[in-house]
Amino acid sequence: MSRAEILRHFTQQASWNKALASPLTAALLEKMADDFDSDGVLSALLSDWTGNPVRDALGLRLLGALHYAVLAKRDDALADAFPNRDREDWDIDQIWPEAEHFLRSETDWVRSFIKHPPQTNETRRGFMFLTGMLNLAKQFRMPVDMLELGASAGLNQYFDEFRYTTQNWKWGNPTSPVQVSTEWQASLPPLATPLTVLQRKACDQNPLSLSDPETRLRLKSYIWPDQQERLSRFDAAADLAIERNIQVDKADAVEWLASQLKKRRPRVLTVVCHSVFFQYPPRETRRKLTQLIELAGEDACPDSPLAWLRYEPEAIWTETDSAQMLLDFRVWPGNSHTRLARSDGHVRLVTPA
């Protein structure tokens, strides 16, 4: 991988993070770009990196390494410079020297850390699962079996136990420990529709067990340190996942889904769902998953319908350069397609599709 591509990735990722309201991580990525361009510590650390920096989310891996070091108290000086729950202010000219020192002194550990892809379970994406499921429940008036692909630690498996708040509607138990909010400009979901999830199953190539403290800390480290609300919601959702004993199968998505689709039950709506997952598998894997779902759809009947609920980059499904995520679903029998809403990866503002 050329130096120019890595440098361009840092710069591009910085602009994305800034747009997603994380000025600290944007500033860190800009410092990383400067350091790499001037043959600093990152130039040596990434000298053997052979992957695609965009597809590998290289910048997010490095940000995760630094945040993990802070959360785990691996470097006291770095932790003192970072913002935290009690102190939200920060100064990049204080943070970067400590970050640069850490990257230099802990090069082997950082190299090991960034071998693993970042995994995020943004709990605000529960808005999209809820909206899609309520619309599907209204259409079919059946209980749901949920099959989630790329579920990571499964934080959104119990999306229906979150409390959702927008400026014009609310849903869920007001006392839920997981409180999520956003600005909503799309059509209102059918909030009065009964929703019953009978079965929840999920898979991931590398599922994370939240009951393991180190694993939980790694997952938390990929949340940006200047977004304390997201960090608090993560902790609440992780506690709920542990309480509900969420299980995510370690499996190849194609093999797992092929097996699960053979077990579809009568008088139940089977929903294959995923969020910010489909852009990561190779194109051939995406083709196989699509073919599996479409073939199962051909066998669907009114007594055993099938839905494919997605919250993914719009550019995956359409010939567009849109940077937004699209919430939509396909259903069988009939192979109808419904677009519901658009937003960004963190679901900060939901607009009509």
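Residues numbered from 1 in each chain as written. Predicted model: local features only at pLDDT ≥ 70, side-chain atom pairs only at ≥ 80, totals over all residues. Heavy atoms only, no water.

S.K.: Go over the overall build of the protein with me, naming the residues and quoting the values.
M.R.: When you go through the protein residue by residue, the secondary structure sums to 13 helices and 12 strands. Here the protein has a C-alpha radius of gyration of 21 Å; the compact-globule value for 353 residues is 20 Å, and the two agree. The principal-axis extent of the C-alpha atoms belonging to the protein is close to 60 × 45 × 35 Å. Scored against the burial criterion, the 353 residues of the protein give a buried share of 55%. Of the contacts made within the protein by residues no fewer than 6 positions apart, 71% connect residues no fewer than 24 positions apart. For the protein, the exposed surface amounts to about 15,700 Å²; the carbon and sulfur share of it is 47%. (Helix = DSSP H or I, 4+ residues; strand = E, 2+ residues; numbered from the N terminus. Rg over C-alpha atoms; globule rule 2.2 N^0.38 Å. Buried < 20%, exposed > 50% of the residue type's maximum accessible area, 1.4 Å probe, protein only. Contact = heavy atoms within 4.5 Å. Areas by Shrake-Rupley, 256 points an atom, 1.4 Å probe, with all protein chains shown as cover.)

S.K.: How would you summarise the pattern of salt bridges if you had to cite specific residues and measurements?
M.R.: Working definition: two side chains of opposite charge can pair if their charged atoms are close together. Overall, the coordinates contain 24 salt bridges when judged by the stated rule. A salt bridge links E122 to R230, with the nearest nitrogen and oxygen atoms 2.6 Å apart. You can see E122 sitting in the loop between helix 7 (107-113) and helix 8 (126-140) and its partner R230 sitting in helix 10 (residues 228-243), a full 108 residues away along the chain. We classify E122 as buried; its relative accessible area is 3%. (Salt bridge = Lys/Arg side-chain N within 4 Å of Asp/Glu carboxyl O.)

S.K.: Tell me about helix 12 (residues 283-298), and name the residues and values.
M.R.: Taking 1.5 Å of rise per residue, the 16 residues of helix 12 would be expected to cover 22 Å, and the 23 Å separating its terminal C-alpha atoms lies within 8% of that figure. Every buried residue belonging to helix 12 is among L289, T290, I293, A296 and G297, and all of these are buried. Projected onto a plane normal to the axis of helix 12, the buried residues spread over an arc of 130° and lie on a single side. Set apart from the buried face of helix 12 by more than 90 degrees, the exposed residues are R283 and E298. Of the surrounding secondary structure, the elements contacted by the buried residues of helix 12 are helix 11 (253-261), strand 8 (269-275), strand 9 (306-313) and strand 10 (325-332). (Expected span 1.5 Å × (residues − 1). Arc of directions from axis to C-beta.)

S.K.: Describe the packing of aromatic side chains, listing the residues and the values that go with them.
M.R.: As enumerated under the stated definition, the model contains 17 aromatic pairs in all. Look at F102 and W109: their rings are 5.7 Å apart centre to centre, the planes differ by 70°, and that puts the pair in the edge-to-face class. By the burial criterion, F102 is buried, and W109 matches it. When the ring of F278 is compared with that of W308, the centres are 6.0 Å apart and the planes differ by 65°; the resulting orientation is edge-to-face. Taken together, the residues F278 in the loop between strand 8 and helix 12 and W308 in strand 9 connect sequence positions 30 residues apart. The same class applies to F278 as to W308, namely buried. Three or more aromatic residues joined by ring pairs make a cluster, and in this case those are F127, F162, Y164, W169, W171 and W184. The lysine or arginine in question, R3, covers the ring of F36, its NZ or CZ lying 4.4 Å from the ring centre. (Phe/Tyr/Trp six-rings, centres within 6.5 Å; stacked < 30°, edge-to-face > 60°. Lys NZ or Arg CZ within 6 Å of the ring centre and 35° of its normal.)

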